[in-house]
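One-letter residues, chain by chain:
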Amino acid sequence: MAVSMRDLDSAFQGAGQKAGLEIWRIENFRPVPVPKSSHGKFFTGDSYVILQTTALKSGSLRHDIHYWLGKDTSQDEAGVAAIKTVELDAALGGRAVQYREVQGHETEKFLSYFKPCIIPQEGGVASGFKHAEAMEHQTHLFVCRGKHVVHVNEVPFARSSLNHDDIFILDTKSKIFQFNGSNSSIQERAKALEVVQYIKDTYHDGKCEVAAVEDGKMMADAETGEFWGFFGGFAPLPRKTASDEDKTDVSFPTKLFHVEKGRAEPVEADSLTRELLDTNKCYILDCGVEVFIWMGRNTSLDERKRASGAAEELVRAAERPKSLIVRVIEGFETVMFKSKFESWPQTTNVTVSEDGRGKVAALLRRQGVNVNGLLKTAPVKEEPQPYIDVTGNLQVWSVNDQEKILIPAANQSKFYSGGCYIFQYSYSGEDREEYLIGTWFGKKSVEEERASAISLVSKMVESLKFLPSQARIYEGNEPIQFFSIFQSFIVFKGGHSSGYKKYIAENELPDETCKEDGVALFRVQGSGPDNMQAIQVEPVASSLNSSYCYILHNDSSVFTWSGNLTTSEDQELIERQLDLIKPNMQSKPQKEGSESEQFWDLLGGKSEYPSQKLAREAESDPHLFSCIFSKGNLKVSEIYNFTQDDLMTEDIFILDTHSEIFVWVGQQVDSKSKLQALCIGEKFLENDFLLKKSSCETPIYIVMEGSEPPFFTRFFTWDSAKSSMHGNSFQRKLAIVKNGGTPLLDKPKRRTPVSYGGRSSVPDKSQRSRSMSFSPDRVRVRGRSPAFNALAANFESPNARNLSTPPPVVRKVYPKSVSPDSAKLASKSAAIAALTAGFEQPPPARQVIMPRSVKVSTEAPKLTPESNSKEKPISIRIESLTIQEDVKEGEAEDEEGLPIYPYERLKVNSPDPVTEIDVTKRETYLSAAEFREKFGMAKDAFYKLPKWKQNKLKMALQLF
């Protein structure tokens, strides 16, 4: 489209250069800017042009243009608003989506800019009306409709306006009443309360009473009686009569027209396909309540204006529903428009460049206008953050048929591509322990074991009263949270589960399971020691990539290979992973371009290979959807410009970030629907509502209200107090409105959230909660106190390695594993003494001590995945200890006169247990000397410890 200076109204110069809202009112047939202080104030006799500019993650700006027509605006003003909208789009480069908004029938997207609502005032400029002057408060009656955004319309102040289906707000001089029709939903009532708050703040300076009146209560209380007094007393309400607003012609046939010389001519076609649209023409797609204008890239500004006029004439015809007009440009069609066609290609042969914007920018620049925001900027590159405390406790199970087998800590980050795994991760939340339970499915895993894994996880979550967040993750699509939890993650080919073995046997497939004496090639990737992976790939030269480092080995040789495009950080990761994959062999470094013949021989000879990094799904701008799932069918509705307040406790919502999706489940959702949450997420990906060809293996999280993890809340301005409230949505909002805007809690407010590198701040690596210094002789587990290490060392397998331990300043990254024969274990009592001593030692300055829990056993567990889960070694879990936490003072009970028994008979698993004692206080039956020997302190000192610390010590001694 050619751009001419005469086509650009001076009022639009510089518009749309930065994110935000801009509004113009049509005055004397010209657009006049509306000051920000008056945004959201509309007059029924006027027409407006509204521009919403959104900054996208890609670095570009998205523009949505709306023109709003008051119910009393003149036809001439409405026509000017429509034409000026097309001109504004031209000034922005011809990419904006344009919407026609009619008072009382606004789109949800438009209303989302002015939450909670707009209430147009009588008056106008060119219409001949005078704006309403400040006067004595008059009583008004409003009807409210909508679950997610509220359409507010003033109705006559009469009993006949009321009905059982809607919600009404009666605004009097001293009190605002909300009347809830008996057939209205809780969500509609809650949203209407936001309108009540708006009226209170806007028209009463926040100084008036608020009352909620329930339909059917008769004169049960004083406020109900007061409400009906304004209507002359109570009387039965009439049935709701169907109005034009309620009539929608669902059977209206979809028709396609092309515009010739300002007239709409029908297009004859058996079905709607993209091929019907010509880039040199404008088209009208009439869907009844929605009318779309499609404008080809090569059409002129005058042609687009004539197409808009033809659409306006079409919707003014008699015997048709109230219609929304949306104008879209070729190459920038909305999802709703594309969904009307039977087929729409993922990519079209449309040349989309910055040319149009560049010409406009050049014209404006000559006039001295700053046009920096008009052109695309480079996207902001941010280091991916896990947004989760990575120092918690991790447990992993492999799935074998229908049972799960606990994997020892030393092997819990080693997965097989033919297997299914379950992981449970607990970490410190704001005021309690939080849980993330999930599944990981290898690319070669079998469907039966995937189903078993999902069923087992459902039972685990249900047993914890649906509090944990859940995750469903596929190999190759792991999110940053998953990698950061595991830190060092290795994926081997093949598998050991009976399901995998049976599958390859039945299909006569070779067993690819990695063997110590076989040839294996691993691609090493990651961003650092807290996020590094080694993925086994085919041992052939074509598997190499110049952007990665690799480990190649057979039974007698180990090679490390560094691509020319790798960094020193990438090469450091090789050494870390090498010590996990082949810890006892000296490697032979290979640089791309100077490899040895032996290296190529192991790979079967040279061949071509790529140099670009493997593309992963990038996070895009998030979209929030409300969901209705019934009889296997999923219906969704997008919520624009969403906030935390849009999450209703009675409903299920989906947050789509393209790289991940979150299924948020409210507290008031029934148990059956909670169990269907994963199915809802899978159905969402399957239906591809945004038409972006998302993979069905995109990570899915299930998030329960009140237990939202930080990697979910980062997409909102989150208030933990709101998610901690009890009651339904209406009860919660009513408490906030009556309490002056402050949430009332049924439980103490959570502590201030910990920063995990979220949007507000990205902590420096030196401040992260893990220890970064140790000696080669003593491995310092991240974040653990010396006392904790002393205790853990007594029970951990000597071969169990902390895979994320930073390297010493020596040749090898990790110290060699200590063999069982050379390991000298300290006594258990000494470890307990060291632990208790640590309670009284203040932590080093600025060090956050958040140790990962460790499973402790007196016998090293077997490392084979096939171990029977029922034959578990006696183990104890020492959960995270925050030493800075204040010690609550408590008085020990008077234990005089109790019988004394030896420690061996008081243990939980004693072969000769003592009977007729209080089993919750076994330690009280120890003599003072034996108590001090075992606990490393006197009884009175022990009982001054917090209860949870007492229990941890008792668990360590098998007395709890």
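Per an unreviewed UniProt entry, the chain goes by HP domain-containing protein and derives from Salix suchowensis.

Caption draft 1: Region of the structure containing the overall build of the chain. What the chain contains, in helices and strands, is 23 helices and 34 strands. Residue burial in the chain is summarised as follows: out of 960 residues, 52% are buried. Long-range pairs, those at least 24 residues apart, make up 67% of the contacts in the chain with a sequence separation of at least 6. For the chain, the accessible area works out to roughly 45100 Å², and carbon and sulfur atoms hold 50% of it.

Caption draft 2: Examining helix α14 (residues 677-687) more closely. Taken as a whole, α14 has its buried residues at Ala677, Leu678, Ile680, Gly681, Phe684 and Leu685. All buried residues of α14 lie within an arc of 160° about the axis, which places them on one face of the element.

Caption draft 3: Looking closely at the pairing of strand β24 (residues 531-537). With 7 of its 7 residues buried, β24 lies for the most part within the structure. Side chains of β24 alternate between two faces, with Asn531, Gln533, Ile535 and Val537 and Met532, Ala534 and Gln536 buried alike. Here 7 bridges tie strand β23 (residues 520-528) to β24, and the two strands are oriented antiparallel to one another. When the bridges of β24 are listed, Gly526 appears paired with Met532. What sits between the antiparallel neighbours β23 and β24 is a turn of 2 residues.

Caption draft 4: Region of the structure containing the nonpolar core. Ranked by internal contacts, the top residues of the largest apolar core, which has 55 residues, are Phe423, Phe482 and Phe486. The element best represented in this core is helix α11 (residues 568-581), accounting for 5 residues. Those residues in contact with Phe482 that lie beyond four places of it in its chain are Phe415, Phe423, Trp440, Ile473 and Phe489. Ranked by size, the runner-up nonpolar core spans 31 residues in total, among them Ile437, Val457, Met460 and Val669.

Caption draft 5: The pattern of salt bridges, seen in detail. Tallied over the full model, the rule gives 37 salt bridges. Ionic pairing is found between Lys340 and Glu290, a salt bridge with its closest N-O pair at 3.0 Å. On the criterion of sequence distance, the pair formed by Lys340 in the loop between α6 (335-338) and α7 (355-366) and Glu290 in strand β14 (residues 290-295) is long-range, its members being 50 residues apart. On the basis of relative accessibility, which here comes to 29%, the residue Lys340 falls in the partly exposed class. One salt bridge in this structure joins Asp645 and Lys722, with 3.0 Å as the shortest N-O distance.

Caption draft 6: Structural context of helix α1 (residues 75-91). If you check α1, its first and last C-alpha atoms are 25 Å apart, about what 17 residues at 1.5 Å a residue would give, namely 24 Å. Where burial is concerned, most of α1 is hidden: 13 out of the 17 residues are buried. Backbone geometry just after α1 places Gly93 at a positive phi near 100°.

Caption draft 7: Representation of the pairing of strand β2 (residues 30-33) within the structure. Across 4 bridges, strand β1 (residues 20-27) lies against β2 in antiparallel orientation. Opposite Trp24, over in β2, you have Pro33 as the bridge partner.

Caption draft 8: Representation of unusual backbone geometry in the model. Of note, the bond from Lys115 into Pro116 is cis; its omega dihedral lies within 30 degrees of zero at 5°. With respect to the helices and strands, Pro116 occurs in the loop between α2 (108-112) and β6 (140-145). Even without being a glycine, Gln958 presents a positive backbone phi close to 60°.

Caption draft 9: Region of the structure containing the packing of helix α3 (residues 186-203) against helix α17 (residues 729-738). Contact geometry for α3 and α17: axes closest at 8 Å, N-to-C directions at 15°. It follows that α3 is roughly parallel to α17 by the angle criterion. Handedness of the α3/α17 crossing: left-handed. Contacts between α3 and α17 involve Ile186, Arg189, Ala190, Leu193, Glu194, Gln197 and Lys200 from the former and Ser729, Phe730, Lys733, Leu734 and Val737 from the latter.

Caption draft 10: Expanded view of the packing of aromatic side chains. One pass over the structure, following the stated rule, counts 61 aromatic pairs. Ring centres of Phe716 and Trp718 lie 5.5 Å apart, and the angle between their planes is 70°; this geometry places the pair in the edge-to-face category. Every member of this aromatic cluster is reached through a ring pair, and the members are Phe157, Phe177, Phe179, Phe227, Trp228, Phe230, Phe231 and Phe234. Taking NZ or CZ as reference, Lys404 lies 4.7 Å from the ring centre of Trp397, over its face. Positioned above the aromatic ring of Tyr548 is the side chain of Lys613, whose terminal nitrogen or guanidinium carbon lies 5.6 Å from the ring centre.

Caption draft 11: Structural detail: the sheet that holds β24. Here we have 7 strands laid out as an open sheet, ordered β18-β22-β24-β23-β25-β26-β27, and mixed in their pairing. The open sheet has two edge strands with one neighbour each: β18 (414-416) and β27 (588-591). The mean inter-strand angle of the sheet, taken between neighbouring strand axes irrespective of direction, is 20°. In the sheet, β18 pairs with strand β22 (residues 488-492) via 3 bridges, with the strands oriented parallel. From the neighbouring strand, Lys414 faces β22, where its bridge partner is Ile490. α11 rests against β18, β22, β23, β24, β25 (549-553), β26 (558-562) and β27 of the sheet, and its axis sits at about 125° to β23.

Caption draft 12: Geometry of the sheet that holds strand β30 (residues 652-656). Ordered in space as β17-β16-β19-β20-β21-β32-β31-β30-β28-β29, the 10 strands form an open sheet in which the pairing is mixed. Every other strand in the sheet has two partners, leaving β17 (403-406) and β29 (633-639) as the edge strands with one partner each. When strand polarity is set aside, the average angle formed by the axes of neighbouring strands in this sheet is 25°. Along the sheet face, helix α8 (residues 447-463) touches β16 (393-400), β17, β19 (420-428), β20 (433-441) and β21 (469-474) and points at about 170° away from the line of β20.

Caption draft 13: Highlighting the environment of Asp46. The topology assignment puts Asp46 in the loop between β2 and β3 (47-55). On the accessibility criterion, Asp46 (0% relative accessible area) is buried. As for Asp46 and Leu69, which are separated by 23 residues in sequence, their C-alpha atoms are 6.7 Å apart.

Caption draft 14: Structural view of the side chain of Lys84. On the secondary structure map, Lys84 appears in helix α1. In contact with Lys84, not counting residues within four places along its chain, are Asp9, Phe12, Phe29, Pro31 and Val49.

Caption draft 15: Structural detail: the confidence of the model for the chain. Per-residue pLDDT for the chain averages 80, and the proportion of residues at 70 or more is 76%. With pLDDT under 50 throughout, residues 1-5 is counted as low confidence; its partners more than four residues away or in other chains account for 13 contacts. In the model, residues 352-357 has pLDDT below 50 throughout and makes 14 contacts with residues more than four positions away in sequence or in other chains.

Caption draft 16: Spotlight on the side chain of Ser547. Along the chain, the position of Ser547 falls in the loop between β24 and β25. Using a relative accessible area of 7% as the deciding quantity, one classes Ser547 as buried. Within the structure, the side chain of Ser547 is placed 2.4 Å from the backbone oxygen of Ser611, a separation counted as a polar contact. Sequence-distant contacts of Ser547, defined by excluding residues within four places in its chain, comprise Leu565, Thr566, Ser611, Gln612 and Lys613.

Thresholds, definitions, all that
Residues numbered from 1 in each chain as written. Predicted model: local features only at pLDDT ≥ 70, side-chain atom pairs only at ≥ 80, totals over all residues. Heavy atoms only, no water. Helix = DSSP H or I, 4+ residues; strand = E, 2+ residues; numbered from the N terminus. Buried < 20%, exposed > 50% of the residue type's maximum accessible area, 1.4 Å probe, protein only. Contact = heavy atoms within 4.5 Å. Areas by Shrake-Rupley, 256 points an atom, 1.4 Å probe, with all protein chains shown as cover. Arc of directions from axis to C-beta. Pairing = 2+ DSSP bridges. Core = buried A, V, L, I, M, F, W, Y, C linked by side-chain atoms within 4.5 Å. Salt bridge = Lys/Arg side-chain N within 4 Å of Asp/Glu carboxyl O. Expected span 1.5 Å × (residues − 1). Axes fitted to C-alpha atoms, helices over the stretch in contact; angles between N-to-C directions. Parallel < 35°, antiparallel > 145°, perpendicular 65-115°, else oblique. Left-handed = near helix turned anticlockwise from the far one by under 90°. Phe/Tyr/Trp six-rings, centres within 6.5 Å; stacked < 30°, edge-to-face > 60°. Lys NZ or Arg CZ within 6 Å of the ring centre and 35° of its normal. pLDDT = per-residue confidence, 0-100. Polar contact = N/O pair within 3.5 Å; in protein donor to acceptor, adjacent residues only side chain to side chain.

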